[in-house]
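# Topology and contacts: notes
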Amino acid sequence: MNIVVCLKPAPDPKRWDSIQLDPVTKALKREGIPSVLGHLDKRALEEGLRIKEKHGGKVAVMAMAPPAAKDNLLEALAMGADEGYLLSDRAFAGSDTWATSLVLSRAIKKLGSFDLILCGSYSLDGSTGHVGAQLAEFLGVLNVTQVAAVESITEGALRTKSLMERGYRILETLLPALITVNREINTPRFTSLLGIIEAESKPLITWSAADLGITGDEVGLKGSPTQTGDVFLPEMKRQVEMISGEPEEMIKVIIRKIRQAIG
Amino acid sequence: MISVSSVANLKGWKGIWVFIEQEEGCIAEVSFELLTAARLLSRKMELAEVSAVFLGHKIRELSDELLIFGADRVFRADHPSLEKYLTLPYTRVISELIFEKRPEIFLFPATSLGADLAARVAARVNTGLSAHCTQLDINDRGELMQVVPAFGGKVMATILCSNHRPQMATIRPGVYRRGESQEKKGTIEDVPVEIRPEDRKQRVVEVHWAKKPAQTIEESEVVVAGGAGIGNQEDWKLVGQLADVLHGAIGGTRPPLDEGWISEEQMIGQSGKTIRPKLYMGIGISGVIQHVVGIQDAQMIIAINNDPKAAIFQNADLGVVADFRKVIPLLIEELKKLSKDKPVP
Ligand SMILES: Cc1cc2nc3c(=O)[nH]c(=O)nc-3n(C[C@H](O)[C@H](O)[C@H](O)COP(=O)(O)OP(=O)(O)OC[C@H]3O[C@@H](n4cnc5c(N)ncnc54)[C@H](O)[C@@H]3O)c2cc1C
Ligand SMILES: Nc1ncnc2c1ncn2[C@@H]1O[C@H](COP(=O)(O)O)[C@@H](O)[C@H]1O
């Protein structure tokens, strides 16, 4: 099995409180916040590794991100991936999901043939959950979203359990295919010291837009069909009444408010 | 790749479409909510026509309901191969319809099915798609403004899709409400469907529907939600007890989901449920926007947090600065006493 796992490094959510909106320029200030791999992306990698362990083959990891994301790919290599691809170019900046999927699809085509691609169901920051399906469309393969379990892979067909709002579906899909995974699918392994040492000698390749035959106006801000307009702080509509002090006193106020709400 | 939409011919794209999600012969409520959204937009677009895009099998009898709740037209594709949702046939039928009819706006539910389909369709017809919109509007250039909770959830961002058509967006269940029923006067147009070899590359082995929970968090008039501040499983019981005495549902933020105190169905916010109860009580919740977007339309918000600077207080009607361990047990006792005096029917 030739497996590709797409990983999106994103600013560490634990540090999001330090993200500020510049009131004048309306720019988001997020300098100095380190990037981490999303928990679903790690699960996608874990599943890829398990499938490789069972069926043989190799696992490539891929991220479209600024150069610093090398560290995140190293972490993935330390977990057990065989090779890493960093897609990095100024021209990619500002890409929406459409443009991101386009870049990823060009890189995967450049890699050659593949059997299975794994993504997270949604990323940490963008969290649109659209990249998986869009990437599959650009690659011309089937996709299965919200996968909670890969039940079997036999004779070129993949059997999966996908979650829906009110239940689940068992689907059978011919390979090659792309799946996006949910948190139910597995618990990712930790990296071992040996893994970290081995990662250093694994291939970690950077491709630019030119390497992928992508022109500047196909991707990035120019190539993205969506544009981000106004950025603003959410409107606060409520007049808050604040109370503190003795619990007994506060309870009287709380009950009055509860009554006001539900009679 | 076919590029159907270029700046030059944006004018030819007309009307607002809504994808109708349907399961087991029943139209999902969110479909009616999106028809309401489309009607509101239509008023700002010289009464643009609202069309429902309805795929499935044996769905003839259901189509009228769409005309009654806001659609001027129903594009109906009724075929055995469309009985259960499959990405490829649905994408193909809808993309071909887009190429032929050219809608200006296309709304999808932000459900697992809706997001899968919308993403694939947007990639195929080469247009933009925004996710999880909490608000839609039309700007003075006649473009669809799609408001989404943005990066970090600290802010909101307006997404535009100025140079491509259709302008596509997914909208969470619960953001809009089903409208009043109206006299049915629209038309139904049947869309021809053919099967292709690639449709056979994927099949549904089985579908398993969970039993509908007695009262879902979206339907509940009272929701008691807890956050990371509850701290441990033992104290989480207080959240349940309070919900019990108030005859409400239990909800929560992301950390309780990660801890396993609540299920996916109970998480409120950007990547969870949007609720609009009469009363929401948030306990040990900091109130970051990812959570708050899900409770904005609650009629009354009571927040209990021991940090007077917690962001939730900016979004509450009553802010209680206290350790919940000191307040909630007493509150439960008091409410129990009251309900004994006046039994709840
Ligand atoms: C892409 C993305 C999507 C997300 N979507 C969602 C979503 O849909 N819904 C969601 O909820 N989250 C979502 N999150 C997570 C979100 O960013 C926050 O991490 C989360 O909402 C915080 O939950 P919390 O308020 O329970 O925890 P915290 O932020 O840790 O707050 C805990 C609060 O409890 C208070 N507290 C502590 N002890 C006590 C006590 N004894 N008495 C009273 N108060 C106490 C503290 O003062 C603090 O304010 C998402 C995150 C990402 C990255
Ligand atoms: N820039 C990126 N590089 C690599 N993979 C990505 C990137 N963006 C998104 N993905 C993949 O697509 C999934 C869904 O992302 P999103 O659509 O942003 O929610 C992620 O979990 C990743 O697996």
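Whatever comes next refers back to the structure up there.
Thresholds, definitions, all that
- Every residue gets a number counted from 1 within its own chain, in the order that chain's sequence is written.
- Starting at A for chains and at 1 for ligands, labels are handed out in the order in which the entities are written.
- pLDDT decides what is reported in this predicted model: residues at 70 or higher carry local features, side-chain atom pairs at 80 or more are listed and counted, and totals for whole chains, interfaces and linings draw on all residues regardless.
- Only hydrogens and water are set aside when side-chain values are computed; all heavy atoms of the structure are taken into account.
- Within this document, salt bridges are pairs made up of a side-chain nitrogen of Lys or Arg and a carboxyl oxygen of Asp or Glu, the two lying within 4 Å of each other.
- Elements are defined by DSSP. Helices are runs of H or I of four residues or more, strands are runs of E of two residues or more, and each kind is numbered from the N terminus.
- Remark: exposure states derive from per-residue accessible area (1.4 Å probe, protein chains only) relative to the maximum for the residue type, with buried under 20%, exposed over 50%, and partly exposed in between.
- Strands are treated as partners if at least two bridges between them are detected by DSSP.
- Every axis corresponds to a line fitted to the C-alpha atoms, with the helix fit spanning only the stretch in contact, and the corresponding angles, defined between N-to-C directions, vary from 0 to 180 degrees.
- We call two residues in contact whenever any of their non-hydrogen atoms come within 4.5 Å of each other.
- Throughout, the term near means that a residue has one or more heavy atoms lying within 4 Å of the molecule or strand in question.
- Whenever two N or O atoms come within 3.5 Å, that pair is a polar contact, provided that in protein one can donate a hydrogen and the other can accept it, and provided that, for residues adjacent in sequence, both atoms are side-chain atoms.
- Residue burial considers only the protein chains on display, and all accessible areas are found by Shrake-Rupley using a 1.4 Å probe.
- Residue type decides the class: Asp, Glu, Lys and Arg count as charged, Ala, Val, Leu, Ile, Met, Phe, Trp, Tyr, Cys and Pro as nonpolar, and the leftover types, Gly among them, as polar.
- For classification purposes, an angle smaller than 35 degrees is called roughly parallel, one larger than 145 roughly antiparallel, one from 65 to 115 roughly perpendicular, and anything else oblique.
- Put simply, a crossing is left-handed when the front helix is turned counterclockwise from the back one by less than a right angle, and right-handed when it is turned clockwise.

### Some remarks on the pattern of salt bridges
Residues and elements named next belong to chain B. One pass over the full model with this rule turns up 38 salt bridges over all chains. Ionic pairing is found between E194 and R196, a salt bridge with its closest N-O pair at 3.6 Å. One salt bridge in this structure joins K237 and E234, with 3.2 Å as the shortest N-O distance. Within this pair, K237 and its partner E234 are both found in helix α5 (residues 233-245), separated by three residues, close to a single helical turn. Since its relative accessible area comes to 47%, K237 is described here as partly exposed.

### What to know about the sheet that holds strand β18 (residues 318-321) of chain B
The six strands are arranged β15(A)-β18(B)-β17(B)-β16(B)-β14(B)-β15(B) in an open sheet whose pairing can be described as parallel. Both edges of this open sheet fall to β15 (241-244) of chain A together with β15 (249-252) of chain B, since each of them pairs with a single strand only. Direction aside, the axes of adjacent strands within the sheet are offset by 20° on average. Examined bridge by bridge, strand β16 (residues 279-283) of chain B and strand β17 (residues 300-305) of chain B share five bridges and lie parallel to one another. Along β17 of chain B, the bridge assignment pairs L279 of chain B with M300 of chain B. Across the sheet, helix α7 (residues 247-262) of chain A is in contact with β15 of chain A together with β14 (222-226), β16, β17 and β18 of chain B; its angle to β15 of chain A comes to roughly 145°.

### Re the site of ligand 2
All names here are of chain A. Near ligand 2 lie 18 residues; those nearest to it are C6, D41, S123, T128 and G129. Contact distances for ligand 2 include 3.3 Å between a nitrogen atom and a backbone N or O atom of L7. Between ligand 2 and the protein, one listed contact pairs a nitrogen atom with a backbone N or O atom of M64 at 2.9 Å. Summarising the interface, the protein chains cover 98% of the accessible area of ligand 2, which totals 480 Å² for the free molecule. Of all the secondary structure elements, the ones that give two or more residues to the shell around ligand 2 are β6 (58-64), α3 (97-111) and β8 (116-120). At three residues, the largest contribution of residues to the shell around ligand 2 is made by β6. Residues that form the shell around ligand 2 fall into these classes: nine nonpolar, seven polar and two charged.

### Some remarks on the packing of helix α4 (residues 131-139) of chain A against helix α4 (residues 112-125) of chain B
Orientation of α4 of chain A relative to α4 of chain B, taken along the N-to-C sense of each, is 40°, at an axis distance of 8 Å. In terms of axis orientation, α4 of chain A runs oblique to α4 of chain B. For the pair α4 of chain A and α4 of chain B, the sense of crossing is right-handed. Residue-level inspection shows A133, Q134, A136, E137 and F138 of chain A of α4 of chain A in contact with α4 of chain B, the latter providing D116, A119, R120, A122, A123 and R124 of chain B. Here the contact of α4 of chain A with α4 of chain B is composed, by residue class, of six nonpolar, one polar and four charged.

### Some thoughts on the sheet that holds strand β12 (residues 187-190) of chain B
All names here are of chain B. Strands sit in the order β7-β11-β6-β1-β4-β5-β12 across an open sheet of seven strands; the sheet is parallel. Of all the strands in the sheet, just β7 (129-133) and β12 have a single pairing partner and so form its edges. Shown here is a sheet whose adjacent strand axes are inclined to one another by a mean of 25°, direction ignored. Strand direction decides the pairing type here: strand β1 (residues 16-20) and strand β4 (residues 50-56), joined by five bridges, are parallel. Within the sheet, the bridge partner assigned to I16 lies in β4 and is V50.

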